[in-house]
Amino acid sequence: MAIATESVAQGETGNYRLGLWLFMASESMIFLALLAARFYLQGTHVPAEADQTIALIITSILLLSSVSAYTAEVAYTAGDRRLFARAMFATIGLGLAFLVGVGFEWREAFRAFPPHTAYGTVFFTMTGMHAFHVVTGLVVLGIVRRMGTSQRPPGPWPIEAAVKYWHFVDIVWVFFYPALYLIN
Amino acid sequence: MPSTPEWTAQRKNRMESDHTSIRRGLWVFACLAVATAVEFVVAVTQIPGAVLMILVIALTKAWLIAVYFMHIRRLRGAG
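Residues numbered from 1 in each chain as written. Chains lettered and ligands numbered in written order. Predicted model: local features only at pLDDT ≥ 70, side-chain atom pairs only at ≥ 80, totals over all residues.

Q: Help me get a handle on the overall build of chain A, residues and values and all.
A: Each helix and strand in chain A was counted, giving five helices and zero strands. Listed by position from the N terminus, the elements making up chain A come as α-α-α-α-α. The burial tally for chain A puts 36% of its 184 residues in the buried class. (Helix = DSSP H or I, 4+ residues; strand = E, 2+ residues; numbered from the N terminus. Buried ≥ 20, exposed ≤ 12 C-beta atoms within 10 Å, placed from the backbone.)

Okay, here's the thing in C-alpha cells:
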C-alpha cells in the first residue's frame, strides 16, 4: 500500500515536472521572438555606448544566483533547512542585485539610445521583459523560502519548481547577454 | 531520535552525497564563469568567426544549466 502511494506521488511529480517544462518551452517562444526582432531590426549592430562592464557584472551575478538556488534545492532535499534558508536568502539577494544593475544600465541607456530609437526599442523590450521574469521569479522564491522554513514544510516539488524557473530565467539571459552586448 | 550505527551510517552517506552535489554545482559555476570570460574576450578582440564562437559558447552554457542545475534528464521519468 505504501509502495503504491509512493508510486502515485512520483507519477504526479513527473506530470508536474513535464507541465513546468512545457510552460518554460512556451515562455521560450516569447524570448525567441524578441531575439528574432532584435536581429531583424538591427542585424548584429551594437552601439559603442552599450556598457560592457555593467553587463558583465550583472551576468556574473545571475550565474552566481543559479549556484545558490541549486544549493538551496540540494539542501532542502537533504533535509538541511538551515542551509536551504541561507542559500535561498543569497539567491533572492543576488536577484535583487541583478535588478539594481539593470536599473543602472537603463539610466545609461536612456541617454545613449532612448526607447524611440530602433536599438533602444529592442534593448528596453528585451531587458524589460527579462527583468519582469526576474521579479516574478523573486516573488516565487520568496514564497517557497517562507514555505520551506515554516513549521510544516512541504515536499520537495514546490522548491524544485521555483528553482527550475529561476534557472530558466538565467538561461534566457545566457542568450540575451551576447545578443545585446557582444555580437557586433 | 534514533542513534543506531545503521542510522548514523545512512546520515553520513546522505551528507556526503549532499556535499558532492554542492561541489558539482560549484564546478559547473566555474565552467560557466570561464565560458563567460572567453565569450567576452572573443567579442572584444573581434577575431574571425566570433559570432559563431559566441553562439556555440552560449549554447554550451545553456546546456550546462539545463543538465546539471535543472536536471532535464529527470524528464524521462515523467508521466
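There's more to say after this.
Q: Requested: an account of the overall build of chain B, with residues and values cited.
A: Helix and strand content of chain B: two helices and zero strands. A total of 79 residues make up chain B; the buried ones form 23% of that total.

Q: Tell me what's going on with the environment of Arg-145 of chain A, and back it up with residues and numbers.
A: All names here are of chain A. Looking at where Arg-145 falls in the secondary structure, it is placed in helix α4 (residues 118–148). Arg-145 sits 87 residues away from Ile-58 along the chain, and the two C-alpha atoms are 23 Å apart. Apart from residues no more than four positions distant in its own chain, Arg-145 is found in contact with Ala-85 and Met-88. (Contact = placed C-beta atoms within 7 Å.)

Q: Describe in detail the packing of α4 of chain A against helix α5 (residues 157–182) of chain A, supporting the description with residues and values.
A: Residue and element names in this part refer to chain A. At a minimum axis separation of 9 Å, α4 and α5 run at an interaxial angle of 160 degrees. Between α4 and α5, the angle falls in the class roughly antiparallel. In the crossing of α4 with α5, the sense of the turn from one axis to the other is left-handed. Where α4 approaches α5, its residues Phe-123, Met-126, His-130, His-133, Val-134, Gly-137, Val-140, Leu-141, Val-144, Met-147 and Gly-148 are matched on the opposing element by Pro-158, Ile-159, Ala-162, Tyr-165, Trp-166, Val-169, Val-172, Trp-173, Phe-176 and Leu-180. A breakdown of the residues in the contact of α4 with α5 according to their chemical character gives 17 nonpolar, four polar and no charged. (Axes fitted to C-alpha atoms, helices over the stretch in contact; angles between N-to-C directions. Parallel < 35°, antiparallel > 145°, perpendicular 65-115°, else oblique. Left-handed = near helix turned anticlockwise from the far one by under 90°. Nonpolar A, V, L, I, M, F, W, Y, C, P; charged D, E, K, R; others polar.)

Q: An account of the interface of chain B and chain A is requested, with residue identities and associated values reported.
A: Every contact between the two is made by 27 residues of chain B and, on the other side, 28 residues of chain A. Looking at the side of chain B that touches chain A, the elements that each hand over two or more residues are α1 (5–45) and α2 (50–69) of chain B. Per element, the largest residue contribution to the side of chain B that touches chain A is 13 residues, and it comes from α1 of chain B. Taken together, the residues of the side of chain B that touches chain A break down into 17 nonpolar, five polar and five charged.

Q: Describe the confidence of the model for chain B, with residues and values.
A: Mean pLDDT over chain B stands at 83; residues scoring 70 or higher make up 76%. At the level of chain-chain contacts, confidence expressed as ipTM amounts to 0.88, with global pTM at 0.88. (pLDDT = per-residue confidence, 0-100.)

Q: If you had to explain α2 of chain B to someone new, which residues and values would you point to?
A: Residues and elements named next belong to chain B. With 20 residues, α2 ought to run about 28 Å at 1.5 Å a step, and its terminal C-alpha atoms sit 27 Å apart, in line with that. Those residues of α2 that sit buried are Ala-50, Ile-54, Ile-57, Ala-58, Lys-61, Leu-64, Ile-65, Tyr-68 and Phe-69. Seen along its axis, α2 keeps its buried residues to an arc of 125 degrees; they face one direction. What points out from α2, more than 90 degrees from its buried face, is the exposed set Leu-52, Leu-59 and Val-67. (Expected span 1.5 Å × (residues − 1). Arc of directions from axis to C-beta.)

Q: Report on the packing of helix α3 (residues 81–112) of chain A against α4 of chain A, specifying residues and quantitative values.
A: Residues and elements named next belong to chain A. Viewed as axis vectors pointing N to C, α3 and α4 meet at an angle of 160 degrees, and their least axial separation amounts to 10 Å. Relative to α4, the element α3 lies roughly antiparallel. Relative to α4, the crossing made by α3 is left-handed. Residues Arg-81, Phe-84, Ala-85, Met-88, Thr-91, Ile-92, Gly-95, Leu-96, Phe-98, Leu-99, Val-102 and Ala-109 of α3 lie in contact with α4, whose contacting residues are Phe-123, Thr-127, Ala-131, Val-134, Gly-137, Leu-138, Leu-141, Gly-142, Arg-145 and Gly-148.

Q: Help me get a handle on α5 of chain A, residues and values and all.
A: One turn of an α-helix holds 3.6 residues; hence residues three or four places apart share an orientation. All names here are of chain A. Over its 26 residues, α5 extends 37 Å from the first C-alpha to the last, a length consistent with the 38 Å expected when each residue adds 1.5 Å. Along α5, the sharpest change in direction is near 25 degrees and occurs at Phe-176; proline Pro-178 comes one to four residues later. By the criterion of burial, α5 is predominantly enclosed, with 23 of the 26 residues buried. (Bend = angle between axes of the 7 residues up to and from the residue.)

Q: I'd like a rundown of the nonpolar core, residues and numbers included.
A: Counting 59 residues, the largest nonpolar core has Ala-72, Phe-176 and Tyr-177 of chain A as the members making the most contacts within it. Put simply, the parts of the chain that give this core at least two residues each are α2 (52–77), α3, α4 and α5 of chain A together with α1 and α2 of chain B. With 18 residues, α5 of chain A is the largest single contributor of residues to this core. Each residue touching Tyr-177 of chain A, except ones within four places of it in the same chain, is listed here: Ala-55, Thr-59 and Leu-182 of chain A. (Core = buried A, V, L, I, M, F, W, Y, C linked by C-beta atoms within 7 Å.)

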